[in-house]
Protein chains: 2
Amino acid sequence: MSVKNIPYKIYLDESEMPKAWYNLRSDMKNKPAPLLNPGTHKPMRAEELEQVFCSELVKQELDNDTRYFSIPGEILDYYHTFRPSPLCRAYNLEKYLDTPAEIYYKFEGNNTSGSHKLNSAIAQAYYAKKQGLKGVTTETGAGQWGTALSMACAYFGLDCKVFMVKVSYEQKPFRREVMKVYGADVTPSPSETTNVGRKILAEHPGTTGSLGCAISEAVETAVSNEGYRYVLGSVLNQVLLHQSVIGLETKTALDKYGIKPDIIIGCAGGGSNLGGLIAPFMGEKLRGEADYRFIAVEPASCPSLTRGVYAYDFCDTGMVCPLAKMYTLGSDFIPAPNHAGGLRYHGMSSILSQLYDDGYMEAVSVPQTAVFEAAEQFARVEGILPAPESSHAIRAAINEAVRCRETGEKKTIVFGLTGTGYFDMVAYEKYHDGKMDDYIPSDEELKKYIAKLPKID
Amino acid sequence: MSVKNIPYKIYLDESEMPKAWYNLRSDMKNKPAPLLNPGTHKPMRAEELEQVFCSELVKQELDNDTRYFSIPGEILDYYHTFRPSPLCRAYNLEKYLDTPAEIYYKFEGNNTSGSHKLNSAIAQAYYAKKQGLKGVTTETGAGQWGTALSMACAYFGLDCKVFMVKVSYEQKPFRREVMKVYGADVTPSPSETTNVGRKILAEHPGTTGSLGCAISEAVETAVSNEGYRYVLGSVLNQVLLHQSVIGLETKTALDKYGIKPDIIIGCAGGGSNLGGLIAPFMGEKLRGEADYRFIAVEPASCPSLTRGVYAYDFCDTGMVCPLAKMYTLGSDFIPAPNHAGGLRYHGMSSILSQLYDDGYMEAVSVPQTAVFEAAEQFARVEGILPAPESSHAIRAAINEAVRCRETGEKKTIVFGLTGTGYFDMVAYEKYHDGKMDDYIPSDEELKKYIAKLPKID
């Protein structure tokens, strides 16, 4: 299928880089379900969303029809400082696995935020600046999104208020410091600075926080401060739109060498990386122009697609956000303390949820130690130390490649390597010391949270 | 001078990448002084050096005449996993500084070791493997070299024993963990595992170690274990040879766009990055084909070129290594605890020392807080969080660019951005908190150590 002389790394020229984001929703027959007002259960109108989000981003959020959105020049300028990201041929991994499969990975970790999150952060900061805002608020768990947003805000001279889940704030002081280098104001959550934070602290003194709680605090801070809006690093339609730059670059690079993938794999937390990577390929599949297998990989400890239900749910703990229809484990579900902070969200992007429900995509879940085993194999032969999140995709890609070795099939596998693991060495240490567990929630446990989902007519 | 449409990042195609290292010594009229036997003060013969170093590397070390050394295919294979590194046009920094100068930087930090050290590590591991050795030993201070060597050894299946300066071992647990992911055996130095370590511990109980001491332990371990040799990440001629890949790529990229630099700047600790970056340009200057200004930037707290003497000195504390003629502050000199661990060596590469002494190169020293100020400015506009070492070059480049703003000159500045600062957040935190000092040794203090230099006829 592929031509000869494929280099280890394919870098596009600046002239080949995408000039527009691709809106996957435009090609979906069944559109993702709309966000609902948590009080009225009616679809959120633009005016309502604009109280929380930047106006231009609300337009992108609600637009299910426009196929391409031009990327503004100011955003392209910044993209050029860290993009194109390389599409890498994993020659060394193929050799190590002794597989006939050809393995490629799109590496999004070659920037200081350490992940793909910067693709959307710079877009969201740009629209906030253009709207004349003073600043933005957000939450961060593992820290990639907070770092990315801090960098983007520093570039445009915006104030950036980050609510960082307290346990991460304390356990990842270096992540926190990176954000401070970029001038961000980082507050451990829950905090005394918001009503929702004070309420949670009063009810659960000593809590180490959660992503859902940090979201609630960030939203409250945005709506109660003049000139601020809230921004989010995953789940939302707008974020998947921005992240389509990953898939568009990947497709251009593959097309250049006449490579057609059979399987495309990505880790899935809120869905931003996977949604971005598969976007143009899924578009072809939806339009009947090509066929691919898409595999979402999630942690066995937080299996929203593989063991959740497709229903409307709250996005945050404080229930201040709109309701979203998604594969969910219930907004109260707190996953076991696994080490892929970016994959610990209870729900999944509405776009990906709809595509999965319609049968366009597969999903698998993998246990934690198997993920770190794959991470270490990958690091040793391919050089790059992967983030725990990204390593879920590595695990699934290796599994597919090993299957090819057994069947003799020469499949072409592409996976998303979303980030680096420099700030996750505590997790690697635990893996080495044999102190990592593989907690998998029981059916009983999952049922308990799913029973508490809001009832929507 | 330069043509239009220069991209933000210039990536060479694989076919344009260097196939041979360039040996700068071949073009030097005054060759660097030979290493001397510390007992006899006679030049070290190959047979003597081969007790400590790999045979092929000894050949490279002693060869002052061969202009090019072919890069073996196995090394090129690995280079392709992290090279070419980008040559970046600092458009955003130029704009921020409002300077007519054009600024470029060769970014060597886009690999898991976080620095340029991997260029030589993979070469040294390859020759060790080819010689049929079991493993190699080395020391590491800041940790970049140890990480790079661990990665290289994992790739070739060699055992890797790293002596890590105790204070770094304790303060940088994550660096240590990265090395363990790559299977290295990491020992805090001084240790009870060597004679020299036990001696130092007995004389200075509670010492936190030094690079000179870790070198002594690594050398002792290499010579007292069958099938092991010692490898070093800087200072040596062979290391500068391997690092010429930085300068060769840089020159090819600049030539492609018709860009001729006026000033080339690099930070200088042992000299491996600077020597590699300037190699092909210095070659042109030595051959009278072109002229450039070269600036070595060192910390004001460890000013070997700007305030040291050019003389034979010990390379290590235990005095087990050969004597090298170099700009030195004396092998007993312990610099103030600044945060650029890679620039805290008392001496400088013999090649660079000779070139500096012959007037082909300038040197400046910069105080620590001014370095971090430049680092933070750079991070905010160019995105990349730089290593403290690399930030010395940033400081000098910004100073030159500001001078251009004042004079109106449109100079072309190229500097080496050797690495990333992800593992240096303690230093950034100190800078933020105003707890960073700018200790500069007095003349009296320097004299004291220089007086103790060995007397060589």
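Below: a short report on this structure. A quick note: this is a predicted structure, and the numbers were derived from the prediction, not measured. (Residues numbered from 1 in each chain as written. Chains lettered and ligands numbered in written order. Predicted model: local features only at pLDDT ≥ 70, side-chain atom pairs only at ≥ 80, totals over all residues. Heavy atoms only, no water.)

Between chain B and chain A, which share one sequence, the superposing operator has a rotation angle of 180 degrees and an axial displacement of 0.0 Å; the RMSD is 0.0 Å. In the structure described here, the two chain copies are related by an operation that fits a two-fold rotation axis. Measuring from the rotation axis to each C-alpha of chain B, the shortest distance belongs to Asn110 of chain B, at 3.0 Å. Most of the interface of chain B is mirrored in chain A, where 100% of its interface residues are also at the interface. (Least-squares fit on C-alpha atoms with pLDDT ≥ 70 in both. Contact = heavy atoms within 4.5 Å.)

What follows deals with the packing of helix α5 (residues 118-130) of chain A against helix α6 (residues 144-156) of chain A. Residue and element names in this part refer to chain A. Two elements in contact, α5 and α6, have axes whose closest approach is 8 Å; the angle formed by their N-to-C orientations is 40 degrees. On the basis of their axis angle, the class for α5 and α6 is oblique. In terms of crossing hand, the pair formed by α5 and α6 is right-handed. Taken together, the residues of α6 that come into contact with α5 (itself represented by Leu118, Ser120, Ala121, Ile122, Gln124, Ala125, Tyr126 and Lys129) are Trp145, Ala148, Leu149, Met151, Ala152, Cys153, Tyr155 and Phe156. (Axes fitted to C-alpha atoms, helices over the stretch in contact; angles between N-to-C directions. Helix = DSSP H or I, 4+ residues; strand = E, 2+ residues; numbered from the N terminus. Parallel < 35°, antiparallel > 145°, perpendicular 65-115°, else oblique. Left-handed = near helix turned anticlockwise from the far one by under 90°.)

Further remarks concern the sheet that holds strand β7 (residues 159-165) of chain B. All names here are of chain B. Spatial strand order, β8-β7-β6-β9: 4 strands in an open sheet with parallel pairing. One side of each edge strand has no neighbouring strand; the edge strands of this open sheet are β8 (185-189) and β9 (228-230). On average, each strand axis in the sheet is tilted by 25 degrees relative to the strand beside it, whichever way the strands run. Pairing of β7 with β8, which is carried by 5 bridges, proceeds in the parallel orientation. Within β8, the position partnered with Val162 by the bridge is Val186. Its contacts with the sheet place helix α10 (residues 211-223) against β6 (135-140), β7, β8 and β9, and it is angled at close to 170 degrees to β6. (Pairing = 2+ DSSP bridges.)

Opposite the 40 residues of chain B that make contact, chain A presents 40 residues. Here chain B meets chain A over a buried area of about 3,900 Å², counting both sides, of which 60% is carbon and sulfur. Considering only the surface of chain B that becomes buried against chain A, Phe174, Val181 and Tyr422 of chain B emerge as the three largest contributors, covering 18% of it. Linking chain B to chain A there are 2 salt bridges. With its nearest N and O atoms 4.0 Å apart, the salt bridge here joins Arg176 of chain A to Glu429 of chain B. On inspection of chain B and its partner chain A, the count reaches 16 residue pairs in polar contact (both at pLDDT 80 or more). Counting only elements with at least two residues in the side of chain B that touches chain A, the list comes to α3 (73-82), α6 (144-156), α8 (173-181), α15 (368-382) and α17 (425-432) of chain B. Here the element with the most residues in the side of chain B that touches chain A is α8 of chain B; it accounts for 6 residues. (Buried area = accessible area lost by both parts, 1.4 Å probe. Salt bridge = Lys/Arg side-chain N within 4 Å of Asp/Glu carboxyl O. Polar contact = N/O pair within 3.5 Å; in protein donor to acceptor, adjacent residues only side chain to side chain.)

Because an α-helix completes one turn every 3.6 residues, residues spaced three or four positions apart along the sequence face the same direction. Residues and elements named next belong to chain B. Counting buried positions over the 8 residues of helix α14 (residues 350-357) gives 6, a clear majority of the element. What α14 keeps buried is the set Ser350, Ile351, Leu352, Ser353, Gln354 and Leu355. The inward-facing, buried residues of α14 contact α11 (237-256), α12 (272-286), β12 (309-314) and β13 (323-328). Where α14 begins, the side chain of Ser349 points an oxygen toward the backbone nitrogen of Ile351, at a separation of 3.2 Å. Among the residues trailing α14, Gly359 stands out with phi positive, at a value near 85 degrees. (Buried < 20%, exposed > 50% of the residue type's maximum accessible area, 1.4 Å probe, protein only.)

All names here are of chain A. The linkage connecting Ser189 with the following residue, Pro190, adopts the cis geometry, with an omega of 5 degrees. The residue Pro190 is located in the loop between β8 (185-189) and α9 (195-203) in this model. Of note in this structure, His41 is not a glycine but carries a positive phi near 65 degrees. Its location among the elements puts His41 in the loop between β2 (20-22) and α1 (46-49). Residue His41 is classed as partly exposed on the basis of its relative accessible area of 29%.

All names here are of chain B. Across the 6 residues that make up strand β5 (residues 102-107), a large majority, 6, are buried. Burial of the side chains of β5 extends over both faces: Glu102, Tyr104 and Lys106 are buried on one face and Ile103, Tyr105 and Phe107 on the other. Two strands pair when backbone bridges link them, and strand β4 (residues 87-89) and β5 are joined in this way by 3 bridges, in the antiparallel orientation. Among the inter-strand pairings, Leu87 is bridged to a residue of β5, identified as Lys106. In this structure, β5 lies alongside strand β15 (residues 412-417), joined through 6 bridges in parallel fashion.

Note on sheets: strands pair through backbone hydrogen bonds, and any given pair is parallel or antiparallel. Residues and elements named next belong to chain A. Taken together, the 4 strands give an open sheet; going across it, the order is β8-β7-β6-β9, and neighbouring strands pair in parallel fashion. Each edge of the open sheet carries a strand with a single partner, namely β8 and β9 (228-230). Sheet twist, expressed as the average angle between the axes of neighbouring strands with direction ignored, equals 25 degrees. Sitting on the sheet, α6 is in contact with β6 (135-140) and β7 (159-165), with an inclination near 165 degrees to β6. Sitting on the sheet, helix α10 (residues 211-223) touches β6, β7, β8 and β9, and the angle it makes with β6 is about 170 degrees.

Applying the stated criterion across every chain yields a total of 58 salt bridges over all chains. The partner of Asp27 of chain B in a salt bridge is Arg67 of chain B, with the nearest N and O atoms 2.5 Å apart. A residue pair is termed long-range when its members are at least 10 positions apart, and Asp27 of chain B in the loop between β2 (20-22) and α1 (46-49) and Arg67 of chain B in the loop between α2 (55-62) and β3 (68-70) qualify at 40 residues. In the salt-bridge network here, residues are joined through shared partners; they are Asp27, Arg67, Arg287 and Glu289 of chain A.

Turning our eyes to something else, we now look at the packing of aromatic side chains. Evaluated as defined, the whole model comprises 43 aromatic pairs over all chains. Ring centres of Tyr310 of chain B and Tyr327 of chain B lie 5.0 Å apart, and the angle between their planes is 10 degrees; on these two criteria the pair is classed as stacked. Here Tyr310 of chain B is found in strand β12, whereas its partner Tyr327 of chain B is found in strand β13, with 17 residues between them in sequence. Tyr310 of chain B sits in the buried class, given a relative accessible area of 17%. Taken together, Tyr78, Tyr79, Phe82, Tyr126, Tyr127, Tyr155 and Phe156 of chain A form an aromatic cluster joined through their ring pairs. Positioned over the ring face of Tyr169 of chain B is Arg176 of chain B, at 4.6 Å from the centre of the ring. For Lys325 of chain B, the ring lying beneath its charged end belongs to Tyr310 of chain B, and the centroid distance is 4.5 Å. (Phe/Tyr/Trp six-rings, centres within 6.5 Å; stacked < 30°, edge-to-face > 60°. Lys NZ or Arg CZ within 6 Å of the ring centre and 35° of its normal.)

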